[in-house]
Amino acid sequence: MPRSHPSLRWASLLGCLLLCLFLATPAGVQAEETQKNIVETAVAAGSFDTLVTAVKAADLAEALSGPGPFTVFAPNDKAFSKLGGTVDALLQPSEKTALQSILTYHVVPGRLTAKQVVKMAGATSLQGQRIDFKVKNGKVFVDGAQVIATDIETSNGIIHVIDSVIIPETNAIPQVAKRAGSFNTLLAAAKAAGLVPALSGDGPLTVFAPTDDAFAKLPQGTVQSLLRPENKKKLAQILTYHVVSGRIYSPDVPVGGMAKTLSGMAVRFKATSNGIAVNGSNIVATDIDASNGVIHVIDAVLLPQTPRDMKRPSRPMSNRMPDAKGDMRKMERRNTIVDVAKGAGSFNTLLAAAKAAGLVETLMGDGPFTVFAPTDAAFKKLPKGTVSSLLQPRNRKALKQILTYHVVPARVFAKDLPADGEARTVAGRSVKIRVENDVRIDNIKVVKADIRASNGVIHVIDEVLLPFEPIRSSTQDVFLAAIDRGVPLFNHGNEEACAAAYEIALKSVLSLDRNLPTVAKRRIQQALDEAAHSKDASKKAWIYRYAMDDVFRGGTRH
């Protein structure tokens, strides 16, 4: 990163000074004094004595008093009493590691309100394993423990009270598979290949596990042949082709993409009418936790493909015969994303840009893709000369980066978009998604959703999305100061002071940081204009905060 110009350093200091002067108010002081962190809140409540004792014994008090934010599903004293003498055993120094594992299993990074939890199937805990959320008969359960109180606000997160202690899986992948009773052939093969110790190690690993029925689909005699000592190497190659390094839960499976397996070769993931398939094998059950990873169940054995095979698009199994012309593929391609965009007549600039960037063939491929497609009118909103400049051959790389920022490698309809979340784009950066009265991508409105194509779906947007460049450290300092001071104000109910703090930060950066990227300036001004039309302090604070988060995307914390 280039050295800061002296004027920028003064800009940062001035911005921070303005914030400090503004925030040195009685309201700000009161918020800081009364807002407690998670540990302090639990201590003050009086009904979490066992939890607090356990947190201290596990040396986690300092971590849970840190900036966070965290979401804690907190068992009360009555919940711990259900464990009987187990609690005393866990509090012994020799059990510190086990205690840490259990306690961090109750914590999710980030701040999840009850409203958000009920819309989710689960979340990955700090411990690494996934906890499941379920709503039944109007009650909310976390791994079987009932949520009995919600949304207890703290300075560094939020607490939901549960009526039982939840315990992470303590068995490794082979033991979990053995307990299931439907992976006998897989376990016998792992033993013959000498892989049981590796599958029982620290990991984490993700295993796409074929059932006994899946192995039975192989040609007669195949399994018996593979189990012979002379075929040990070949068997190991097949089995490691089912294993990916890391703990990958179903929401994180790269649908439309690939993942490298421990065999050294990659598997391909694709959305189907049945869900998700890996190399044509359907994933029939997901997210089975083990202490050292996660298991997804598949209905067919994966056989390693050569590099040449992987370059060819996988052909779906089908009982349909070709039509009279014998060209089913051409028929399927007639309604690709590119074809639909051409037929609409309002995406000429986008199509010209895709052609200049060499992306047309990709967008006519198998996909699936979700494209946030700017109209011709959207491109006209860019500064004069921007489009013609981007279409020049010398700017092909920049153009490709911008266009792939509009593409998510999966088929995602509007109803499946998270109310407040992100989606990873082909460009490698994530777009921010907000669904309230309308759908917004990076705060740009979706004006028409769910235009279907054979290889994906199109959502029409009224502005061009621009990947944000990393911002200078001086601007980061100003925003960090604003956020650190504004969050306690907001959580204490002083939304107006919080909004004012954020507004000062944005205006000081906009006016003083001469090296701020154009797209960042545009985003800040957009937020200031939008907030000027709102009388709701809470809404204004969020408008400003979303803008800071967007501009901060290249930074270190938010």
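Model, not experiment: these values are computed from the prediction. (Residues numbered from 1 in each chain as written. Predicted model: local features only at pLDDT ≥ 70, side-chain atom pairs only at ≥ 80, totals over all residues. Heavy atoms only, no water.)

K.L.:
Mind laying out the pairing of strand 13 (residues 281–290), listing which residues take part and the relevant values?
P.N.:
By the bridge criterion, two bridges tie strand 12 (residues 275–278) to strand 13 in an arrangement that is antiparallel. The residue bridging Val-278 from the neighbouring strand is Ser-281, located in strand 13. Here strand 12 folds back onto strand 13 in antiparallel fashion, the turn holding two residues, of which Asn-279 has a positive phi close to 50°. Remark: two residues form the turn of the hairpin made by strand 13 and strand 14 (residues 293–298), two consecutive strands paired antiparallel. (Pairing = 2+ DSSP bridges. Helix = DSSP H or I, 4+ residues; strand = E, 2+ residues; numbered from the N terminus.)

K.L.:
Can you tell me about the sheet that holds strand 13, naming the residues and giving the values?
P.N.:
The strand order 9-8-14-13-12-11-10 describes an open sheet built from seven strands, whose pairing is mixed. Strands with a single pairing partner mark the edges of an open sheet, and in this sheet they are strand 9 (243–245) and strand 10 (258–260). Between one strand axis and the next, the sheet turns by 35° as a mean value, whatever way the strands run. Alignment of strand 8 (residues 205–210) against strand 9, held across three bridges, turns out to be antiparallel. Bridge pairing in strand 9 places Thr-206 opposite Val-244. (Axes fitted to C-alpha atoms, helices over the stretch in contact; angles between N-to-C directions.)

K.L.:
Explain the sheet that holds strand 3 (residues 122–124) to me, using residue names and the numbers behind them.
P.N.:
Ordered in space as 2-1-7-6-5-4-3, the seven strands form an open sheet in which the pairing is mixed. What marks the edges here is a single partner per strand, and that holds for strand 2 (107–109) and strand 3. For this sheet, the mean angle separating the axes of adjacent strands, direction not counted, is 30°. One ladder, built from six bridges, connects strand 1 (residues 70–75) with strand 7 (residues 157–162); its direction is parallel. Paired with Pro-75 across the strands is Ile-162, a residue of strand 7.

K.L.:
I'd love a proper account of the packing of helix 26 (residues 518–532) against helix 27 (residues 537–551), names of residues and values included.
P.N.:
The N-to-C vectors of helix 26 and helix 27 enclose an angle of 175°; their axes lie 9 Å apart at closest approach. Of the possible angle classes, the one that applies to helix 26 and helix 27 is roughly antiparallel. Between helix 26 and helix 27, the residues in contact are Ala-520, Arg-523, Ile-524, Ala-527, Leu-528, Glu-530 and Ala-531 and Lys-540, Ile-543, Tyr-544, Tyr-546, Ala-547, Asp-550 and Val-551, respectively. Of the residues contributing to the contact of helix 26 with helix 27, the split by class is ten nonpolar, no polar and four charged. (Parallel < 35°, antiparallel > 145°, perpendicular 65-115°, else oblique. Contact = heavy atoms within 4.5 Å. Nonpolar A, V, L, I, M, F, W, Y, C, P; charged D, E, K, R; others polar.)

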